[in-house]
Amino acid sequence: MTQALQQYRRALTLARTYYPKAFTYFAIASAILLALALLNATVPVLLREATNRLAAGDAMSIILVTAAAYALCWTGAQVLEWTKNILSAAVLVRCDAAFYRAFFDHLLKVPQAELRKLDQGVLVADAQRSKGAFSALTSTLFWIVLPTLIELLFVFAVLATLISVAFAAFFIMAIVGLVGLSVLLSRKAKGIHQRIMESNNQVMSHFTERMRLVEEIKLNNAQTLEQQRFGTKVGGFIDSVTVGNLRIGLLMLLQVTLVGALLLASTLYVVGEVAKGTYTVGDYVMINGYVMQLTMRLALLASVLIELRNHLVLLDRGFHYLDLETEPQGLRTPDTDAEVLFELEGVTYRAEGRTILDKVDLQIRQGHTYAITGPSGAGKTTLLRLLVGLIQPEKGSVRAFGTDTRALDRTALLDAVSVVTQHPLLIAGSVAENVRYGAKGNLSDDQLNSLLGQLGLDAHASDTPTTDRHVGFDAAAVSGGEKQRIAIARALARGTPTILLDEPTSALDVESEERTIDVLKANARTLVMITHRPSVIAKADYVIHLRGDGTVRMSGRPN
Ligand SMILES: Nc1ncnc2c1ncn2[C@@H]1O[C@H](COP(=O)(O)OP(=O)(O)OP(=O)(O)O)[C@@H](O)[C@H]1O
Ligand SMILES: [Mg+2]
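Residues numbered from 1 in each chain as written. Chains lettered and ligands numbered in written order. Predicted model: local features only at pLDDT ≥ 70, side-chain atom pairs only at ≥ 80, totals over all residues. Heavy atoms only, no water.

> What am I meant to see in the overall build of the chain here?
Helix and strand counts for the chain stand at 16 helices and 10 strands. For the chain, whose C-alpha radius of gyration is 35 Å, the value lies well above the compact-globule estimate of 24 Å for 559 residues. Considering only C-alpha atoms, the chain reaches an extent of 115 × 50 × 45 Å along its principal axes. In the structure as shown, the chain presents an accessible area of about 28,400 Å², 60% of it carried by carbon and sulfur atoms. Both charge centroids of the chain, one from 54 positive and one from 51 negative side chains, sit 5 Å from each other. (Helix = DSSP H or I, 4+ residues; strand = E, 2+ residues; numbered from the N terminus. Rg over C-alpha atoms; globule rule 2.2 N^0.38 Å. Areas by Shrake-Rupley, 256 points an atom, 1.4 Å probe, with all protein chains shown as cover. Lys, Arg positive; Asp, Glu negative; His and termini not counted. Charge placed at Lys NZ, Arg CZ, Asp CG, Glu CD.)

> Just checking my understanding: could you explain the domain arrangement of the chain for this structure?
Many analyses report the size of an interface as the accessible area lost when the parts associate. Segmenting the chain into domains produces domain 1 (2–322) and domain 2 (340–556). A straight line from the C-alpha centre of domain 1 to that of domain 2 covers 54 Å. (Domains from an automatic or database assignment.)

> Explanation requested: the environment of Phe473 in the structure shown.
For Phe473, the location among the structural elements is in the loop between α13 (445–454) and α14 (480–494). Among the residues examined, Phe473 registers a relative accessible area of 67% and is labelled exposed. (Buried < 20%, exposed > 50% of the residue type's maximum accessible area, 1.4 Å probe, protein only.)

> Sorry, what's going on with the site of ligand 1 here?
Near ligand 1 there are 16 residues, and of these Arg354, Ser376, Lys380, Thr381 and Thr382 occur at the shortest range. A distance of 3.0 Å separates a nitrogen atom of ligand 1 from a polar atom in the side chain of Arg116. A distance of 2.7 Å is found between an oxygen atom of ligand 1 and a side-chain nitrogen or oxygen belonging to Arg354. Among the secondary structure elements, those contributing two or more residues to the shell around ligand 1 are β2 (354–365) and α10 (380–387). The dominant element in the shell around ligand 1, judged by the number of residues it contributes, is α10, at 3 residues. For the shell around ligand 1, the per-class residue count stands at 4 nonpolar, 7 polar and 5 charged. (Near = heavy atom within 4 Å. Polar contact = N/O pair within 3.5 Å; in protein donor to acceptor, adjacent residues only side chain to side chain. Nonpolar A, V, L, I, M, F, W, Y, C, P; charged D, E, K, R; others polar.)

> I'm lost on the coordination of the magnesium ion (ligand 2) in this one. Help?
Note on metal sites: the ideal angle is 109.5 degrees for four tetrahedral donors, and 90 or 180 degrees for six octahedral donors. Coordination sphere of the magnesium ion (ligand 2), protein contribution only: Thr381 (OG1) and Gln422 (OE1), at 2.0 to 2.3 Å. Here the residue Thr381 occupies a position in helix α10, and Gln422 occupies one in the loop between β6 (417–420) and α12 (431–436), the gap between them amounting to 41 residues. For Thr381, a relative accessible area of 29% gives the class partly exposed. (Donors = N, O, S within 2.8 Å, 3.2 Å for Na, K, Ca; no water.)

> Please explain empty space enclosed by the protein as it appears in this structure.
To locate leftover empty space, one rolls a probe as large as a water molecule over the atoms. Counted under the stated rule, the structure contains 2 cavities of 30 Å³ or more. Quantified by volume, the largest cavity comes out at close to 40 Å³. For the largest cavity, the full set of lining residues is Leu12, Ala15, Ala22, Phe23, Phe26, Val91, Cys95 and Thr138. Among the secondary structure elements, those contributing two or more residues to the lining of the largest cavity are α1 (2–18), α2 (22–55) and α3 (59–107). (1 Å grid on protein atoms, 1.4 Å probe; cavity = no way out; pocket = protein on both sides within 12 Å on 5 of 7 lines; lining within 4 Å. Points joined across faces, edges and corners; volume = space filled by probe spheres on them.)

> I keep staring at unusual backbone geometry and nothing clicks. Help me out?
Of note, the phi angle at Phe401 is positive, near 50°, even though the residue is not glycine. Tracing the backbone through its elements, the reader meets Phe401 in the loop between β4 (395–400) and β5 (403–404). Phi angles above zero are rare outside glycine, and Glu503 is one such case at about 45°. Residue placement: Glu503 occurs in the loop between β7 (498–502) and α15 (510–523). Residue classification places Glu503 among the buried positions, given a relative accessible area of 14%.

> Mind showing me how you'd approach the packing of helix α5 (residues 120–162) against helix α6 (residues 165–211) here?
To characterise two packed helices, one gives the angle between the axes of the helices and the distance between these axes. Taken N-terminus to C-terminus, the directions of α5 and α6 make an angle of 175°; their axes are 13 Å apart at the nearest point. Put simply, α5 runs roughly antiparallel to α6. For the contact of α5 with α6, a count of residues per class yields 16 nonpolar, 6 polar and 2 charged. (Axes fitted to C-alpha atoms, helices over the stretch in contact; angles between N-to-C directions. Parallel < 35°, antiparallel > 145°, perpendicular 65-115°, else oblique.)

> Looking at this model, I keep getting lost on the sheet that holds β5. Mind explaining?
Two pairing modes exist for strands in a sheet, parallel and antiparallel, and in both the strands are linked by backbone hydrogen bonds. Across the sheet, 4 strands lie side by side as β2-β1-β4-β5; this open sheet has antiparallel pairing. Of all the strands in the sheet, just β2 and β5 have a single pairing partner and so form its edges. Docked against the sheet, α10 engages β1 (340–351), β2 and β4, running at close to 125° with respect to β1. (Pairing = 2+ DSSP bridges. Contact = heavy atoms within 4.5 Å.)

> Teacher, can you tell me more about the nonpolar core here?
What tends to happen in soluble globular proteins is that the nonpolar side chains get buried as a cluster. The biggest cluster of nonpolar side chains holds 62 residues, and the ones touching the most others in it are Phe99, Phe103, Phe134, Leu159, Phe167, Phe171 and Leu315. Listed by contribution, the elements that provide at least two residues to this core are α1, α2, α3, α5, α6, α8 (223–276) and α9 (281–322). The contact partners of Phe99, leaving out residues within four places of it in the chain, are Ala11, Leu14, Ser130, Lys131, Phe134, Leu315, Gly318 and Phe319. Membership of the second largest hydrophobic core comes to 32 residues, among which are Leu383, Leu384, Phe401 and Ala416. (Core = buried A, V, L, I, M, F, W, Y, C linked by side-chain atoms within 4.5 Å.)

> How do you make sense of the packing of aromatic side chains when you look at a structure like this?
Any pair of aromatic rings gets described here by the distance separating the centres and the angle formed by the planes. As enumerated under the stated definition, the model contains 15 aromatic pairs in all. Ring centres of Phe103 and Tyr321 lie 5.5 Å apart, and the angle between their planes is 45°; on these two criteria the pair is classed as tilted. A residue pair is termed long-range when its members are at least 10 positions apart, and Phe103 in helix α3 and Tyr321 in helix α9 qualify at 218 residues. Classification of Phe103 as buried rests on a relative accessible area of 5%. Among the aromatic side chains, those forming a connected cluster through ring pairs are Tyr8, Phe99, Phe103, Phe134, Phe319 and Tyr321. The aromatic ring of Phe23 is capped on one face by Arg16, whose charged end is 4.7 Å from the ring centroid. (Phe/Tyr/Trp six-rings, centres within 6.5 Å; stacked < 30°, edge-to-face > 60°. Lys NZ or Arg CZ within 6 Å of the ring centre and 35° of its normal.)

> So what exactly am I meant to see when it comes to the layout of surface pockets here?
Reported here for the second largest pocket is a volume of approximately 490 Å³. As for the second largest pocket, its lining consists of 21 residues, and the residues nearest its centre are Asn40, Gln78, Glu151, Gln293 and Met296. When residues of the lining of the second largest pocket are traced back to their parent elements, those giving at least two are α2, α3, α5 and α9. Residues belonging to the lining of the second largest pocket are distributed by class as follows: 13 nonpolar, 4 polar and 4 charged.

> Could you clarify how one ought to interpret the sheet that holds strand β3 (residues 369–373) in this entry?
Spatial ordering of the open sheet is given by β6-β7-β8-β3-β9-β10, a layout of 6 strands whose pairing is mixed. Both edges of this open sheet fall to β6 and β10 (552–556), since each of them pairs with a single strand only. When strand polarity is set aside, the average angle formed by the axes of neighbouring strands in this sheet is 15°. Inspection of the sheet shows β3 paired to strand β9 (residues 542–546) by 4 bridges, in the parallel sense.

> Looking at this model, I keep getting lost on α2. Mind explaining?
Owing to its 3.6 residues per turn, the α-helix aligns residues three or four sequence positions apart on the same side. Under the 1.5 Å per step criterion, the end-to-end length of α2 is 50 Å for 34 residues, consistent within 8% with the ideal 50 Å. Looking one or two residues past α2, Gly57 carries a phi angle of roughly 80°, positive in sign. (Expected span 1.5 Å × (residues − 1).)

> Can you help me understand a nonpolar patch on the surface in this one?
A cluster of nonpolar residues, Leu246, Leu250 and Leu253, forms a patch on the protein surface that exposes about 320 Å² of accessible area. Leu253 sits in the exposed class, given a relative accessible area of 54%. (Patch = residues over 30% accessible without salt bridge, like charges linked within 9 Å, V, L, I, M, F, W, Y side chains within 5 Å. Salt bridge = Lys/Arg side-chain N within 4 Å of Asp/Glu carboxyl O.)

Quick look at the structure:
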């Protein structure tokens, strides 16, 4: 429980970091709650007063007291309630948002290898649920549990003063006993929520994965099979939710029955005492008022306490992502004038137990074009990722611009180097947006058009200018070759003197490919290209050949 509270405090800190203003709203809402509890506790006292005066035949003052009870207290409470609701909505949405932003910011810093292990469907579901859990916890703790406690204190004070301390103590003990029971029962609910969540995760994960494969499913005529499989998955979800809700419902029924019994017992006791003449009719009205008010609160409290455990579990899951280790970040700035841009010394890299690179030594010098070749799976992409410090070798060192990539500030390095990956990702948006993505300075429309023209991207037979064309979600609206050239244009738009490319023209025809490589050579001082194509290799000064057994051979001469 203490751990859970610590996590909740951590979540509050997140909210404060991202939205300091939310705490002002929070403070005002809490002050309003205090006033509300006071008003709510006052209504039955005024009604008692009115009833006693009615019994005494003082007709005139009854009107005044009743008016005070309803017009002032009750209406006042409603107005405050709604003011609080408006403020609490403002606080809660910021709690939600802070959680989302913390997820986003943190996951951006987690190493790719770790990110790849995450199930996207489950990640999205967890992010959504844990941010919901955080705001639900806030509203439960501060706007249900806390006001109920304050109200109980007021009620105790009133009953002790107007009736007797013994009665007040009994009344409050009975209620505290019921709340304690709710807490005990809520422990039972934890496992139920966990099972529901897990089966929901399975559905989300299956759904997200299959939605990426729609075309593959169609091409394999697997629609019927996939529909059946999804039906089975969802069936499991229905079962777990139905059984879970049945059990939660039974727990709730038990609690509600006990609350009802307390209501009946205390009413019967007071009626008996009124008959004996110990209490006045006004006392009866007041106590009855409290019983009604508090039983409603208790029923609400019982249901939120069952949910409370669930929220804590969900919050914990959220923090599991926020606890993923981030990439180490060096501080040293690259020496952009270095003659040797990249240098590997005795580099060994292993993946899944297989040696991809074995004690490799290599130098890449400024001002030349390098082609990296080798069979599929030889480790070409791995080498490129080592060069920019996205991964680290098991043994040996990789230096970029004179500094070990472990100690290098990668942000600064990537200000000097552009990388075009083997499967470049385009963001949903226009061609222009994609080309400008990552460009530091302002790229004028003329520069943009000239760049697209050089890469042969302007010859599209359409009314829409190329720059305004939308690439679609997952670049579904452009061809493979167009996608590659947009990614190359993006690298050129960044204007860095060094460009690294992973099979950048694999989807292009020979003529477009030659033109693209020429544009790249004309714009960058140093080019490093992974390629299988002889025509591209011919344009390189040096060839770095990965043999596929972990060894590397460099050949060629500068022109
Ligand atoms: N994250 C990873 N986890 C496990 N194995 C990996 C990972 N990344 C790469 N590998 C393995 O490392 C080897 C080299 O992969 P790499 O992508 O560098 O090859 P490549 O030479 O670029 O191949 P291709 O020409 O097909 O693109 C492959 O056997 C691959 O399966
Ligand atoms: Mg590759």
